[in-house]
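Each chain is listed here by its residues.
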Amino acid sequence: MSEQLKFIVEQLNKDPFKKNLNLITFDCLEPMQLLQILNDVLAEIDPKQTIDIREELPEQTVKRMSALLGMLKYRPPGHLSDVSTFRQGLVTGSKPVVHPILHWLLQRLPELKKRAYLARFLVKLEVPAEFLQDDVINETYRQYEELVVEFKTCHKECEQLRTSGFSTAEIRKDIGAMEEEKDQLIKRVERLKKRVESVPNHQKMLDLARQLRVENERKESLAHQKQEQRNQLFQAEQRLQRSQQQLKDLQQAAADANPDSLMKRLEEEIKFNSYMVSEKLPKELEGMRRTVQYLQKVASEPAMGQADLQELKDKIREADLQINQLIEKRMMRNDPMDDKLTLYRQQASIIIRRKESKAEELQEAREELATAERELRQRSSQTQSSDGEEVIRGDELKRLVVKLRSKGTMYKKKRQELAELKAEYGVLQRTEEILKQRHETVQQKLEELERVSAIKSELDEKKGRTLDDMSEMVKKLNSMIVEKKSALAPVIKELRSLRQQSQITEVQIQRAADEMKAYVSSDPQERKKTIREVYKKNISEQELLGKRLREKQKMVRESHSTNMEQMKMWRDLEQLMECKRQCFIRAQSQASIGQVIQEGGEDRLVL
């Protein structure tokens, strides 16, 4: 801000203002004095602004200054973009409003003076349309527009002369040098005349020299006429060749002009015209209407400031974010049936676009042909010789050929760019659909997560539960949230990878195209490679395995009762063997006890 004030004070102290101010005195100026200084600067730019603002109403002052600043294309700073705030600050002589204006004006003073001067002549008068219905007013307004155009031309020539480097002093100097050279030549001629007069028969020699000069000029003229006649002969030969070629083409066309071909040509032309009238032209007309409505809406809105531009940028950013979310949502759906339908839709849209492009090319070719024929007629009428023969210069013909070749090259280049843009649009459209599907799936999971969170909050609000029950419920809800998050984690990870890899969609489309190509192929080996054939083979193998398993199940069911009886007999046999083993063990234990008792009795007998 200090640098700004310093610059303003320095400029106001110079010519033509000479205010004799310093930073302190300038900062202490009253609002009325500050406005008067602003008015003085504006008066230096436009002398019509010279006025004492004390003799003028504040509303008139603001209106006059605002009109001039608008004509000079001044834009207030961002914090003053509101029109009402800016006008209020201008009425009160606010420093935050006036200081930027002074800084901007003093930086561009010569440029603004020139702009104000031109505005007096170039800003057109707004005449209502109903007034222009009057012939006199209309003619006057037309003359006024012609004068504006003439003023532009004269001003441009004046600027070119100013910047060309010539000055009046140099021109005067050149004129003086030329006059001196003229005097010298006159003196030299006089000396030569005096010298020739002393030669005998000088008058006869002068006549012969004059005749020689005339004959030389005549010789040059005859050579020029000879060259022109040669050019005319060459052009006549070219016209003869063209006429012979046209006659040949007409004879060939007349030979091929049978009723069937004529009817076919007429039917094609009727189809094309019907398409243009029923489809193409209504679409273009509707698009033009929307464009006109949009332009009228833009024109009716007030001038936009920095805040409005920032708001529009935010809206555009939000719209882009929504579009990206929809694309992600569409990609998350990943329905194979939708993919097939989308492929067919894309093929149909490609065909429609090709049809429209071919119609546009045909229309452009017709327009170019009509333009070329019209230009040919104009050139033929302009270059007719006195005896009614057509004269076309060779250089002009070369220029026309070069011009047509350049236009053809440019047309092919633009057509190729248009085709690339259309292909890219198709890819982006498919990407948008896939991302929209993915976005819907993610949105559903997020809604489910929100529902779980809502259930958790509702359960937390309920009373009368024990601490153990509450902690148990919290654990369950946390586990559910963790499960949902873990379920969403691969989806989010996949979504991030999809954002970084923009070629996945193209690969899927290529796979689908390869699948369709292999499926409709007449080669059996090629058809066996399709996914459908592979799945059919796997299904047949699984069906054969299921059939075998069912047969085995049937055999098991038939032998189930017999096997069960056999199992029961084996269990009985097992119990019988176990019983025998137990009896054998008991018999052995009883025998050992009896032996011990017997040995004890023998011992007692011995004693």
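Please read all numbers here as calculations on a predicted model, not as lab measurements.

**Description of the overall build of the chain**
In terms of regular secondary structure, the chain is built from 19 helices and zero strands. Considering the chain as a whole, with its 607 residues, one finds that 17% of them fall into the buried category. Intrachain contacts of the chain at a sequence separation of at least 6 include 68% that bridge at least 24 residues. Here the chain displays about 48400 Å² of accessible surface, and carbon together with sulfur accounts for 56% of that area.

**Focus on the state of the cysteines**
Applying the stated criterion across every chain yields a total of zero disulfides. Looking at the unpaired C579, the closest cysteine sulfur is the one in C583, lying at 4.2 Å.

**Focus on the packing of helix α7 (residues 109-122) against helix α8 (residues 135-163)**
When two helices pack together, their arrangement is given by the angle between their axes and by how far apart the axes lie. Two numbers describe how α7 lies on α8: the axes approach to 10 Å, and their chain directions differ by 150 degrees. Taken together, the axes of α7 and α8 lie roughly antiparallel to each other. Listed contacts from α8 to K114, Y117, L118, F121 and L122 of α7 are V148, F151, K152, H155 and E159.

**Remarks on the side chain of H155**
Its place among the elements puts H155 in helix α8. Under the relative-accessibility criterion, H155 is labelled buried at 19%. When neighbours within four sequence positions are excluded, H155 is seen to be in contact with K114 and L118.

**Some remarks on the packing of aromatic side chains**
Counted according to the given criterion, the structure contains four aromatic pairs. Between Y74 and F86, the ring centres sit 6.3 Å apart and the planes meet at 40 degrees, which makes this aromatic pair tilted. Separated by 12 residues along the polypeptide, Y74 in the loop between α4 (58-71) and α5 (83-92) and F86 in helix α5 bring together distant segments of the chain. Given a relative accessible area of 7%, Y74 falls into the buried group. On the basis of relative accessibility, which here comes to 10%, the residue F86 falls in the buried class.

**Observations regarding a positive patch on the surface**
A grouping of K187, R188, R191 and R195 is seen on the molecular surface, where their side chains present a positively charged patch. Take K187: it is sitting in helix α9 (residues 168-197). Among the residues examined, K187 registers a relative accessible area of 54% and is labelled exposed.

**Side note on the environment of M65**
Looking at the secondary structure, you find M65 in helix α4. Expressed as a C-alpha distance, the spacing of M65 and Q49, which sit 16 residues apart in the sequence, is 8.5 Å. Contacts of M65, omitting those with residues within four sequence positions, involve L35, L38, N39, L42 and L90.

**Some thoughts on the nonpolar core**
If you look at the biggest cluster of nonpolar residues, it comprises 34 residues, and the most contacted ones within it are L12, F26, L38, L90, I101, L102 and L105. Setting aside residues no more than four positions away along its own chain, L90 makes contact with L35, L38, V62, M65, S66, V97 and I101.

**Points about a nonpolar patch on the surface**
Residues I531, V534, Y535 and I539 make up a contiguous nonpolar surface patch of roughly 370 Å² in combined accessible area. Along the chain, Y535 falls in helix α18 (residues 531-558). You can call Y535 exposed: its relative accessible area is 52%.

**Some points on the pattern of salt bridges**
Using the criterion set out here, one finds 14 salt bridges in the structure. A salt bridge links R290 to E286; the nearest nitrogen and oxygen atoms lie 3.9 Å apart. Taken together, the residues span about one helical turn, with R290 and E286 both in helix α11 (residues 259-300) at a distance of four residues. Given the relative accessible area of 51%, R290 is considered exposed.

**Topic: unusual backbone geometry**
Here the residue pair D15 and P16 is connected by a cis peptide bond, since its omega of 5 degrees sits within 30 degrees of zero. In the Ramachandran plot, K18 falls in the positive-phi region, its phi being about 50 degrees despite a non-glycine side chain. Take K18: it is sitting in the loop between α1 (2-13) and α2 (23-27). Assessed through its relative accessible area of 58%, K18 is described here as exposed. Not every positive phi belongs to a glycine, and N20 is a case in point at roughly 55 degrees. For N20, the position within the fold is in the loop between α1 and α2.

**Quick word on α5**
Regarding α5, the residues found buried are F86, G89 and L90. For α5, the arc enclosing every buried residue in end-on projection is 100 degrees, short of the 170-degree limit, so these residues lie on one face. Of the surrounding elements, those touching the buried residues of α5 are α3 (31-45), α4 and α6 (95-107).

**Let's talk about α1**
Residues separated by three or four positions in an α-helix point in the same direction, a consequence of the helix having 3.6 residues per turn. With 12 residues, α1 ought to run about 16 Å at 1.5 Å a step, and its terminal C-alpha atoms sit 17 Å apart, in line with that. For α1, every residue scored as buried is listed here: Q4, L5, I8, V9 and L12. Summarising the axial view, the buried residues of α1 lie within an arc of 130 degrees, below the 170-degree limit, and thus occupy one face. Set apart from the buried face of α1 by more than 90 degrees, the exposed residues are S2 and E3. Elements that come into contact with the buried residues of α1 comprise α2, α3 and α6.

**A look at the packing of α4 against α5**
Between α4 and α5, whose axes approach to 10 Å, the crossing angle comes to 120 degrees. Considering the angle they form, α4 stands oblique to α5. Note on packing geometry: the crossing formed by α4 with α5 is right-handed. For the pair formed by α4 and α5, the contact residues are P58, V62, M65, S66 and L69 on the first element and F86, R87, L90 and V91 on the second. For the contact of α4 with α5, the class distribution of residues is seven nonpolar, one polar and one charged.

**Topic: the confidence of the model for the chain**
The share of residues in the chain with pLDDT of 70 or more is 77%, and the mean pLDDT across the chain is 76. Here helix α13 (residues 336-382) stands out as the element of the chain with the lowest mean pLDDT, 67, in contrast to α3, whose mean of 88 is the highest. Every residue in residues 384-392 scores below 50 in pLDDT, and together they form 14 contacts with partners more than four places removed in sequence or on other chains.

Rules of the game
Starting from 1, residues in each chain are numbered consecutively following that chain's sequence as written. Whole-chain, interface and lining totals are the exception, using all residues; otherwise, since this is a predicted model, local features are given only for residues with pLDDT of at least 70 and side-chain atom pairs are given and counted only at 80 or more. In computing side-chain properties, one takes all heavy atoms of the structure into account and sets aside hydrogens as well as water. Where helices and strands are cited, they refer to DSSP runs of H or I of at least four residues and of E of at least two residues respectively, numbered from the N terminus. The classification of residues rests on relative accessible area computed with a 1.4 Å probe and restricted to protein chains. Under 20% of the type maximum is buried, over 50% is exposed, and intermediate values are partly exposed. Contact between two residues is taken to exist if any of their heavy atoms lie within 4.5 Å; hydrogens are not considered. For the accessible areas, the method is Shrake-Rupley and the probe is 1.4 Å, while residue cover comes only from the protein chains on display. In this description, a disulfide is simply a cysteine sulfur pair whose atoms lie within 2.5 Å. Axes here mean lines fitted to C-alpha atoms, for a helix over just the part in contact, with angles spanning 0 to 180 degrees between N-to-C directions. Orientation is classified from the angle alone, with under 35 degrees giving roughly parallel, over 145 giving roughly antiparallel, 65 to 115 giving roughly perpendicular, and any other angle giving oblique. Two aromatic rings from Phe, Tyr or Trp, using only the six-membered ring of Trp, form a pair when their centres are within 6.5 Å; if the ring planes differ by under 30 degrees the pair is stacked, by over 60 it is edge-to-face, and anything between is tilted. A patch consists of residues exposed above 30% relative accessible area that lack any salt bridge, with like charges linked at up to 9 Å and nonpolar side chains (Val, Leu, Ile, Met, Phe, Trp, Tyr) linked at up to 5 Å. Within this document, salt bridges are pairs made up of a side-chain nitrogen of Lys or Arg and a carboxyl oxygen of Asp or Glu, the two lying within 4 Å of each other. Only four residue types enter the tally: Lys and Arg on the positive side, Asp and Glu on the negative side, with His and both chain ends excluded. For this purpose, a charge sits on NZ of Lys, CZ of Arg, CG of Asp or CD of Glu. By nonpolar core is meant a set of buried Ala, Val, Leu, Ile, Met, Phe, Trp, Tyr and Cys residues that side-chain atoms within 4.5 Å join together. Arc definition: directions from the helix axis to the C-beta atoms. Each residue after the first adds 1.5 Å to the expected span of a helix. It is the rotation of the near helix from the far one that decides the hand of a crossing: anticlockwise by less than a right angle makes it left-handed, clockwise makes it right-handed. All residues other than Ala, Val, Leu, Ile, Met, Phe, Trp, Tyr, Cys, Pro, Asp, Glu, Lys and Arg, Gly among them, are scored as polar; the first ten of these are nonpolar and the last four charged. Each residue carries a pLDDT score, the predictor's own confidence in it, on a scale running from 0 to 100.

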